[in-house]
Amino acid sequence: MTDQPLFEARNITKTFGPVRALNDVSLTLFPGEVHSIIGENGAGKSTLMNIVCGRLRPTEGQLFVNGAEVQFHSPLEAQTHGIAIAPQEINLVPHLSVAENILLGAQRGRAAAIDWKATVRDATHYLHEVDNSIDPRARVTSLSKAQQQLVQIARAAATQARIIIFDEPTAMLTYRETEMLMDYIRRITAEGRSAFYISHRLDEVRDLSHRITALRDGVHVGCIGPEEATREKMVTMMAGRPAKVGGHSLRDMSDRPTVLEVRNLSRDHEFEDVSFDLREGEILGVSGLIGSGRTELAKCLFGATRARSGAVRLDGKDVAFHAPIDAIQAGLIYLPEERKQEGIFPLLSIAENTALPTIDRFGGLLTIRNREMMEEVGKLAAQLKAKFNSLRDPITSLSGGNQQKFIIARWLMRDARVLIMDEPTRGIDVNAKLEIQTVLRRLTEERGLSIILISSEMEELLDVADRILVMHEGELKGIVDRRDATQEGLLELAMS
Amino acid sequence: MDTPLTETPARREKSLMARFWQWEASGILVALVVLTVALSIAADNFLSSYNMTVVARQAAFVGLVALGQTLVLLVGGIDLSVGAAAGLSAIVGSIALTQWGIHPYLIIPFTMGFGFLLGSINGVFVAGLRLNPFIVTLATWEIFAGMTLVITKGYPIRPLGEKFTVFGQGELFGVPLPVLIFILLAAVLVWMLRQTRLGRNIFAVGGNRDAAVLAGIRVGRVEFVAYGMAGMLAALAGILFASRMDAGQPSVGEGWLMGAITAAILGGTSLRGGQGSIVGTVLGALLLAVLANGTVLMNVSGFWQRVIVGCVVLVAVLVDLLRRKD
Ligand SMILES: Nc1ncnc2c1ncn2[C@@H]1O[C@H](COP(=O)(O)OP(=O)(O)OP(=O)(O)O)[C@@H](O)[C@H]1O
Ligand SMILES: [Mg+2]
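Residues numbered from 1 in each chain as written. Chains lettered and ligands numbered in written order. Predicted model: local features only at pLDDT ≥ 70, side-chain atom pairs only at ≥ 80, totals over all residues. Heavy atoms only, no water.

Draft legend 1. Examining the overall build of chain A more closely. A count of helical and extended segments in chain A gives 17 helices and 22 strands. Whereas a compact globule of 496 residues would reach a radius of gyration of roughly 23 Å, chain A reaches 23 Å, a difference of no more than 12%. In terms of principal-axis extent, the alpha carbons of chain A reach across some 70 × 55 × 50 Å. Residues classed as buried in chain A amount to 58% of the 496 residues present. Per element, the accessible surface of chain A, about 19800 Å² overall, is 48% carbon and sulfur. In chain A, 60 side chains carry a positive charge and 69 a negative one; their mean positions are 4 Å apart. (Helix = DSSP H or I, 4+ residues; strand = E, 2+ residues; numbered from the N terminus. Rg over C-alpha atoms; globule rule 2.2 N^0.38 Å. Buried < 20%, exposed > 50% of the residue type's maximum accessible area, 1.4 Å probe, protein only. Areas by Shrake-Rupley, 256 points an atom, 1.4 Å probe, with all protein chains shown as cover. Lys, Arg positive; Asp, Glu negative; His and termini not counted. Charge placed at Lys NZ, Arg CZ, Asp CG, Glu CD.)

In structure tokens:
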């Protein structure tokens, strides 16, 4: 590494009205370096990166590329200085092909005569560096969220930028894609390109980075090398206090009554012949790689799609849900995987977003009993350690992870028998993740709630689930007791 | 391992039929064929070459306006001022011809330039200042329509002279010139949307504005051009119509707005932007013309025509819904 940083941000401050998202933050990036930014939800990581890539302008502070001061008025200007971002939220043009999204605005050939062959060829090249299983001619809408995330990364790569920003690229990825992405980042940095990397998965951060900077409440708290970066050290920097330990005690649920029985459930192209029992007060983890049919199974159980064959029994009675409302009335709840598209109402406030499905409870004679609603939402927010300015602010003003917490809070406000959660802790910081796991565990004990917990993070399942169901390519491969489960064992089972 | 782990369970090659149904304009093509067959059986003069010319010419004027509207819809906007822009442009073009002595052959390019200017006004407010296109173009609609009346005081400008009326009235190989111009421009736009970067950027901006910004596309410029072209194409339709009538009527363009939007929507263009096609719009304009012509041939009262068009639009939307369901 040379002395001259490729990029430098000096004394950056950013305010959103009264909110100070970043306060006097400085950092540098050298050629060939992976510089990770860690911090709790709402610490200001995305805000900082959005300033680096020209999506936002700093309130105060300066940016330098190769020692010369620059000002970015748009992402385009940042791109001409060789900076590109793969953002935290999916941001693709849904009805165009994968290839065209990768080379959006940069199709090959002349401006007045696009060379489609070359365009698809080049796009495929960039795509395959990141992942080789996605069809470059497919429409974006036909891809899973994880695949869309990979396309987004390929797009950042295709700009040939010298600096690529990865804002939580692995939040949606499972084991195999994550490994491929790590390899890819190592490859490009070996070529002398550099990366900013954001993730809540601390092992990844330690393995990949040359330097790690921690932010807390918009303030730079320190910068360490990977050799110092123990898990405890990183969590302490992020949270300002030592790490808690995860892992809940083993429970024996075999004598509990069965709440939900699923028998030979099948749906064309999605999953085949799935059977399992869910017991009262149990947390049943669901593990699997991308394309395993986990989400599809959850949606089908919830009545969002119809099964081709098979039976579902709730408390011993056959049920057939034609629409989610039937499932909700029967006591099922589903927390969807993709919060931006299926989870939030962008124009409503945080409180309204949280209380909307249960708003009847706060119905007064003519109006909503607002104070009560606020109190209840506030209580849950505190439990989940959500960070916000006012509950009346629009939900879009929250950081990604905090939006997720309020969506979880939404479902905790209602009484139910079965809670199906699809990647509930995706993009949520370490401490809050443990907090959420504790809340889930408490719900099963206090309310006798049964939970189906879909998660790509095996550690999480191994920490909190009572049994773990493994799926692969639409097939149920087996159900393992946590007592007997290990990470390797689960992977092996998935691929058997 | 030879099979990639992330393969979705069963992705099969789609059949030709399935691919046809995926196409946005498939429904309208079927509707158009059915309607044509039905009318040619019910009314024996429907397929006569004279009647076909009438239908084609009718489709051409609204169709030209609809092409521009399609571009604006594709970038995620809407232009309510196209009809009024056509009217005002036709008047200004007629005045340029009769009073300013501009050569008859230059009148059409001149008027198109003027129309682009009118469209640019929308472009500045919508693309530059990020105002709501519905409100902006509602306002300019009033302004353009009002200006037409201010300038003409309600009287037509005539005659326009034979040297100029040839563009609206003339034929080449038995095909009316306006129809040829319509087909030619549609072909140019098909090419533009498919093969040029500007065309692809139009889809990108309408499909996901944020993504387009991030990809370094000059989003404002793309929107601006779309509005400008909508104004330009409306002006072309207006001046051709004046040429055909041998008069710059203040009423040119009345009713074209609904026709243009309807044709685009029938052709599968989404009001939310990013989805649609020129071929669909051309078919939509044809369908509207065939419907209008059919009601006349079948001796249905003209008053019913609007009711029928409304019903057709509802059916088209329903078919589209079913198509997207599977
Ligand atoms: N447009 C906005 N308006 C108001 N406040 C905002 C806006 N964008 C971000 N903030 C606030 O700035 C702070 C930092 O947000 P940021 O998105 O940078 O967090 P983050 O570190 O990326 O968190 P996460 O891990 O959840 O993605 C948060 O408190 C957030 O509420
Ligand atoms: Mg973030």
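Alright, that's what it looks like, and here's the rest.
Draft legend 2. Spotlight on the interface of chain B and chain A. On the side of chain A, 40 residues touch chain B, which itself brings 31 residues to the contact. Between chain B and chain A, the buried area comes to about 3000 Å², and carbon and sulfur atoms account for 55% of it. Taken together, chain B and chain A are joined by 12 residue pairs in polar contact (both at pLDDT 80 or more). Breaking the side of chain B that touches chain A down by element, the ones donating at least two residues are helix H8 (177-195), helix H9 (197-207) and helix H10 (209-214) of chain B. Sorting elements by how many residues they give to the side of chain B that touches chain A places H9 of chain B first, with six residues. The residue makeup of the side of chain B that touches chain A, split by class, is 13 nonpolar, nine polar and nine charged. (Contact = heavy atoms within 4.5 Å. Buried area = accessible area lost by both parts, 1.4 Å probe. Polar contact = N/O pair within 3.5 Å; in protein donor to acceptor, adjacent residues only side chain to side chain. Nonpolar A, V, L, I, M, F, W, Y, C, P; charged D, E, K, R; others polar.)

Draft legend 3. Highlighting the pairing of strand E22 (residues 475-481) of chain A. Of the strand pairs in this sheet, strand E21 (residues 467-472) of chain A and E22 of chain A are connected by six bridges, and their pairing is antiparallel. Bridging across to E22 of chain A, Leu469 of chain A finds its partner in Ile479 of chain A. (Pairing = 2+ DSSP bridges.)

Draft legend 4. Layout of the coordination of the magnesium ion (ligand 2). Residue and element names in this part refer to chain A. For the magnesium ion (ligand 2), the full set of protein donor atoms is Ser46 (OG) and Gln88 (OE1), and the range of their distances to it is 2.0 to 2.1 Å. With Ser46 in helix H1 (residues 45-52) and Gln88 in the loop between strand E6 (83-86) and helix H3 (98-102), this pair connects stretches of sequence that are 42 residues apart. Overall, the relative accessible area of 15% leaves Gln88 in the buried class. (Donors = N, O, S within 2.8 Å, 3.2 Å for Na, K, Ca; no water.)

Draft legend 5. Broad picture of unusual backbone geometry. Put simply, Arg158 of chain B and Pro159 of chain B share a cis peptide bond, and its omega is -10 degrees. Relative to the elements of secondary structure, Pro159 of chain B occurs in the loop between helix H6 (133-152) and helix H7 (162-169). Its identity as a non-glycine residue notwithstanding, Asp217 of chain A has a phi of 50 degrees, on the positive side. Its location among the elements puts Asp217 of chain A in the loop between strand E11 (211-216) and strand E12 (219-224). Despite not being glycine, Asn264 of chain A has its phi angle at roughly 50 degrees, a positive value. Note that Asn264 of chain A resides in strand E13 (residues 258-267).

Draft legend 6. Structural context of the layout of surface pockets. Residues and elements named next belong to chain A. Volume-wise, the second largest pocket comes out at about 1300 Å³. In terms of lining residues, the second largest pocket is bounded by 41 residues, among which Thr396, Ser397, Leu398, Ser399 and Gly400 are the most central. Residue composition of the lining of the second largest pocket, by class: 12 nonpolar, 18 polar and 11 charged. Here the lining of the second largest pocket spans two domains, and each of domain 1 (7-239) and domain 2 (258-494) adds at least three residues to it. (1 Å grid on protein atoms, 1.4 Å probe; cavity = no way out; pocket = protein on both sides within 12 Å on 5 of 7 lines; lining within 4 Å. Points joined across faces, edges and corners; volume = space filled by probe spheres on them. Domains from an automatic or database assignment.)

Draft legend 7. Region of the structure containing the sheet that holds E6 of chain A. Residues and elements named next belong to chain A. Taken together, six strands build an open sheet; the order of strands is E6-E9-E10-E3-E11-E12 and the sheet is mixed. Each of the sheet's edge strands pairs with one partner strand only, and the pair in question is E6 and E12. Strand-to-strand twist across the sheet, computed as the mean angle between neighbouring axes with direction ignored, equals 20 degrees. With four bridges joining them, E6 and strand E9 (residues 163-167) adopt parallel strand pairing. Within E9, the residue paired with Ala86 across the bridge is Phe166. Sheet contacts for helix H5 (residues 145-158): E6 and E9; angle to E6, the most-contacted strand, approximately 175 degrees. (Axes fitted to C-alpha atoms, helices over the stretch in contact; angles between N-to-C directions.)

Draft legend 8. Spotlight on the packing of aromatic side chains. Scanning the model with the defined rule gives 10 aromatic pairs over all chains in all. Where Phe302 of chain A meets Tyr334 of chain A, the ring centres are 5.5 Å apart and the plane angle is 45 degrees; that geometry is what we call tilted. With Phe302 of chain A in the loop between helix H9 (294-301) and strand E16 (309-314) and Tyr334 of chain A in strand E18 (residues 332-335), this pair connects stretches of sequence that are 32 residues apart. Residue Tyr334 of chain A is classed as buried on the basis of its relative accessible area, which comes to 7%. In this structure, Arg194 of chain B is placed above the aromatic ring of Trp116 of chain A, and the distance from its NZ or CZ to the ring centre is 4.6 Å. (Phe/Tyr/Trp six-rings, centres within 6.5 Å; stacked < 30°, edge-to-face > 60°. Lys NZ or Arg CZ within 6 Å of the ring centre and 35° of its normal.)

Draft legend 9. Representation of the sheet that holds strand E2 (residues 19-29) of chain A within the structure. Residue and element names in this part refer to chain A. Within the open sheet, the four strands sit side by side as E2-E1-E4-E5. Their pairing is antiparallel. The sheet is open, and its two edges are formed by E2 and strand E5 (68-70), each paired on a single side. For this sheet, the mean angle separating the axes of adjacent strands, direction not counted, is 30 degrees. Here seven bridges tie strand E1 (residues 7-16) to E2, and the two strands are oriented antiparallel to one another. Each residue of the ladder has a partner; that of Lys14, found in E2, is Leu22. The strands that H1 touches are E1, E2 and strand E4 (60-65); relative to E2, the one it contacts most, it runs at about 60 degrees.

Draft legend 10. Local environment of the domain arrangement of chain A. Residues and elements named next belong to chain A. Domain annotation for chain A reports domain 1 (7-239) and domain 2 (258-494). Inter-centroid distance (C-alpha atoms) of domain 1 to domain 2 is 29 Å. Listed by partner, the interface residues are 28 residues for domain 1 and 25 residues for domain 2. Of the roughly 2200 Å² buried where domain 1 meets domain 2, counting both sides, 55% is carbon and sulfur surface. Considering only the surface of domain 1 that becomes buried against domain 2, Asn41, Lys145 and Thr174 emerge as the three largest contributors, covering 28% of it.

Draft legend 11. Quick peek at the environment of Gly238 of chain B. Residues and elements named next belong to chain B. The residue Gly238 is located in helix H11 (residues 219-245) in this model. Distance from Gly238 to Leu189, taken between C-alpha atoms, is 19 Å for residues 49 residues apart in sequence. Residues contacting Gly238, with those up to four places away along its chain left out, are Ala86, Ala90, Val252 and Trp256.

Draft legend 12. Summary view of the site of ligand 1. Residue and element names in this part refer to chain A. Close to ligand 1 lie 19 residues, the nearest being Lys45, Ser46, Thr47, Ser397 and Gly401. In the model, an oxygen atom of ligand 1 is placed 3.3 Å from a nitrogen or oxygen of the Glu168 side chain. Cavity membership is defined here by more than half of the atoms lying within 2 Å of grid points; on that basis ligand 1 lies in the second largest pocket. Going through the elements one at a time, H1 and helix H14 (400-412) are the ones with two or more residues in the shell around ligand 1. Considering every element that reaches the shell around ligand 1, the biggest residue donor is H1, with three residues. (Near = heavy atom within 4 Å. Sits in = over half its atoms within 2 Å of the grid points.)

Draft legend 13. Local environment of the nonpolar core. Leu64 and Leu67 of chain B are the most contacted members of the largest nonpolar core, which has 82 residues in total. Each residue touching Leu64 of chain B, except ones within four places of it in the same chain, is listed here: Phe182, Leu185, Leu233, Leu236, Ala237 and Leu240 of chain B. Counting 48 residues, the second-largest nonpolar core is a separate cluster that includes Ala351, Phe362, Met421 and Leu490 of chain A. (Core = buried A, V, L, I, M, F, W, Y, C linked by side-chain atoms within 4.5 Å.)

Draft legend 14. Representation of H8 of chain B within the structure. All names here are of chain B. For H8, with 19 residues, the first-to-last C-alpha span of 26 Å sits near the 27 Å given by 1.5 Å per residue. Those residues of H8 lying buried are Pro178, Val179, Phe182, Leu185, Ala186, Leu189, Met192 and Leu193. For H8, the angular spread of the buried residues around the axis is 150 degrees, confining them to a single face. The exposed set on the far side of H8, more than 90 degrees from its buried face, consists of Ile183 and Leu184. On its buried face, H8 sits against helix H3 (49-74), H7, strand E2 (175-176), H9, H11 and helix H13 (278-297). (Expected span 1.5 Å × (residues − 1). Arc of directions from axis to C-beta.)

Draft legend 15. Geometry of helix H15 (residues 430-446) of chain A. Residue and element names in this part refer to chain A. Given a rise of 1.5 Å per residue, 17 residues ought to cover 24 Å, and the 24 Å separating the end C-alpha atoms of H15 matches this to within 8%. The opening residue of H15 is Asp429, an N-cap whose side-chain oxygen sits 3.0 Å from the backbone nitrogen of Ala432. With its phi angle positive at about 65 degrees, Gly448 sits one or two positions after the end of H15.

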